[in-house]
Amino acid sequence: GAVVSQHPSWVICKSGTSVKIECRSLDFQATTMFWYRQFPKQSLMLMATSNEGSKATYEQGVEKDKFLINHASLTLSTLTVTSAHPEDSSFYICSAAQGLGVYGYTFGSGTRLTVV
Amino acid sequence: AQTVTQSQPEMSVQEAETVTLSCTYDTSESDYYLFWYKQPPSRQMILVIRQEAYKQQNATENRFSVNFQKAAKSFSLKISDSQLGDAAMYFCAYRTFGGGTSYGKLTFGQGTILTVHP
């Protein structure tokens, strides 16, 4: 089945630094990937849609300059949290699908970001 | 915009018993897809079951089945013979049809935490 690999699983960074999270589709090509943010015991909030070879589409209220998304290849999308602050601490999850996702999306294992 | 509502923040069930998780949604579309995802303590999202809105037949996957009521915009999940490994947070999700040519976004409900008692 489709596998999406996400790294790192957890990261701690200092306030003001940048952190990059990678999302890879291992056995299929993903022209579109999605990035979510999740707070403890809450639902997943879609942050942006990442499109291979073009600019990401951000959801309303998501800061484009803070959450930089790059989808440079058909198997890799990256999310960079720039100038991170403690309020950016959260669980970030990516997802992708074979085909158009009508059979469901496969999710990465998530990244727990802690900004100190 | 579509909305998905899970009105049960928490549910519990005895091992081997049956439990039903509720989900309602609001949409003006006639074609769409519905999913139930499971998120165990590892936080890995796992697809449990899917339903195509244009199919009247309720989807079934082993011990998991849905009751899809399109007119009522209801999509409940029934777990039979509950097992300890079923303990997780369950999310109902709506996917836009996307016209068949584009990826549809997923809209998630608030989630239901399911506890399974031995």
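A. A look at the overall build of chain B. Looking only at helices and strands, chain B has zero helices and 12 strands in total. Across chain B, helices and strands are ordered from the amino to the carboxyl terminus as β-β-β-β-β-β-β-β-β-β-β-β. Relative to its length of 118 residues, chain B is compact, with a C-alpha radius of gyration of 14 Å against a globular reference of 13 Å. Judged by the C-alpha coordinates and their principal axes, chain B covers about 45 × 30 × 25 Å.

B. The packing of aromatic side chains, seen in detail. Inspection of every chain in the model, using the stated rule, returns 14 aromatic pairs over all chains. On the basis of an interplanar angle of 65° and a centroid distance of 5.3 Å, the ring pair of B:Tyr25 and B:Tyr32 is categorised as edge-to-face. Summarising the burial analysis for this pair, B:Tyr25 and B:Tyr32 share the class buried. An aromatic cluster is defined as three or more aromatic residues linked by ring pairs; in this entry it consists of A:Tyr36, A:Phe107, B:Phe35, B:Tyr37, B:Phe91 and B:Phe108.

C. Broad picture of the state of the cysteines. Applying the stated criterion across every chain yields a total of two disulfides over all chains. Residue pairing for A:Cys23: its cysteine sulfur links by disulfide to A:Cys94, the two sulfurs lying 2.0 Å apart. With the S-S bond torsion at 85°, the cross-link from A:Cys23 to A:Cys94 turns out right-handed. On the criterion of sequence distance, the pair formed by A:Cys23 in strand β3 (residues 19-25) and A:Cys94 in strand β9 (residues 90-96) is long-range, its members being 71 residues apart. Of the two residues, A:Cys23 and A:Cys94, neither departs from the other in class, the shared state being buried. Each sulfur in the disulfide pair B:Cys23 and B:Cys92 lies 2.0 Å from the other. The sign of the -65° torsion about the S-S bond sets the B:Cys23-B:Cys92 disulfide as left-handed. Here B:Cys23, found in the loop between β3 (19-21) and β4 (24-26), pairs with B:Cys92, found in strand β10 (residues 88-96); they are 69 residues apart in sequence, far enough to count as distant. With a relative accessible area of 1%, B:Cys23 lands in the buried category. When its relative accessible area of 1% is taken as the criterion, B:Cys92 is described as buried.

D. Main features of the pairing of strand β8 (residues 64-69) of chain B. Residues and elements named next belong to chain B. The pairing of strand β7 (residues 60-61) with β8 spans two bridges and is classified as antiparallel. Within the sheet, the bridge partner assigned to Thr60 lies in β8 and is Ser65. In textbook terms, the turn of a hairpin is the stretch between consecutive antiparallel strands, and for β7 and β8 this stretch comprises two residues, one of which, Asn62, has a positive phi near 55°. Relative to strand β9 (residues 74-79), β8 runs antiparallel, the two being bridged by six bridges. Of the residues in β9, the one forming a bridge with Val66 is Leu77. Remark: four residues form the turn of the hairpin made by β8 and β9, two consecutive strands paired antiparallel; Lys73 in that turn has positive phi of roughly 55°.

E. Representation of the interface of chain B and chain A in the model. With 23 residues of chain B at the interface, the matching set in chain A holds 28 residues. Summed over both sides, the interface of chain B with chain A buries roughly 2100 Å², with 56% coming from carbon and sulfur. Summed over the shared surface of chain B and chain A, the result is one salt bridge. Close ionic contact of A:Glu59 with B:Lys105 constitutes a salt bridge, the shortest N to O distance being 2.8 Å. At the junction of chain B with chain A, the criterion picks out six residue pairs in polar contact (both at pLDDT 80 or more). When contributions to the side of chain B that touches chain A are tallied by element, the ones reaching two or more residues are β5 (32-39), β6 (46-52), β10 and β11 (106-108) of chain B. Ranked by the residues each element gives to the side of chain B that touches chain A, the list is headed by β5(B), at four residues.

F. The pattern of salt bridges, seen in detail. Residue and element names in this part refer to chain A. Inspection of every chain in the model, using the stated rule, returns seven salt bridges over all chains. Between Lys66 and Asp88 there is a salt bridge, with the nearest N and O atoms lying 2.9 Å from each other. Taken as a pair, Lys66 in the loop between β6 (57-58) and β7 (67-73) and Asp88 in the loop between β8 (76-81) and β9 lie far apart in primary sequence, 22 residues in all. Judged by relative accessible area, which is 4%, Asp88 ranks as buried.

Reading guide: rules and limits
- Residues numbered from 1 in each chain as written.
- Chains lettered and ligands numbered in written order.
- Predicted model: local features only at pLDDT ≥ 70, side-chain atom pairs only at ≥ 80, totals over all residues.
- Heavy atoms only, no water.
- Helix = DSSP H or I, 4+ residues; strand = E, 2+ residues; numbered from the N terminus.
- Rg over C-alpha atoms; globule rule 2.2 N^0.38 Å.
- Phe/Tyr/Trp six-rings, centres within 6.5 Å; stacked < 30°, edge-to-face > 60°.
- Buried < 20%, exposed > 50% of the residue type's maximum accessible area, 1.4 Å probe, protein only.
- Disulfide = S-S within 2.5 Å.
- Pairing = 2+ DSSP bridges.
- Contact = heavy atoms within 4.5 Å.
- Buried area = accessible area lost by both parts, 1.4 Å probe.
- Salt bridge = Lys/Arg side-chain N within 4 Å of Asp/Glu carboxyl O.
- Polar contact = N/O pair within 3.5 Å; in protein donor to acceptor, adjacent residues only side chain to side chain.

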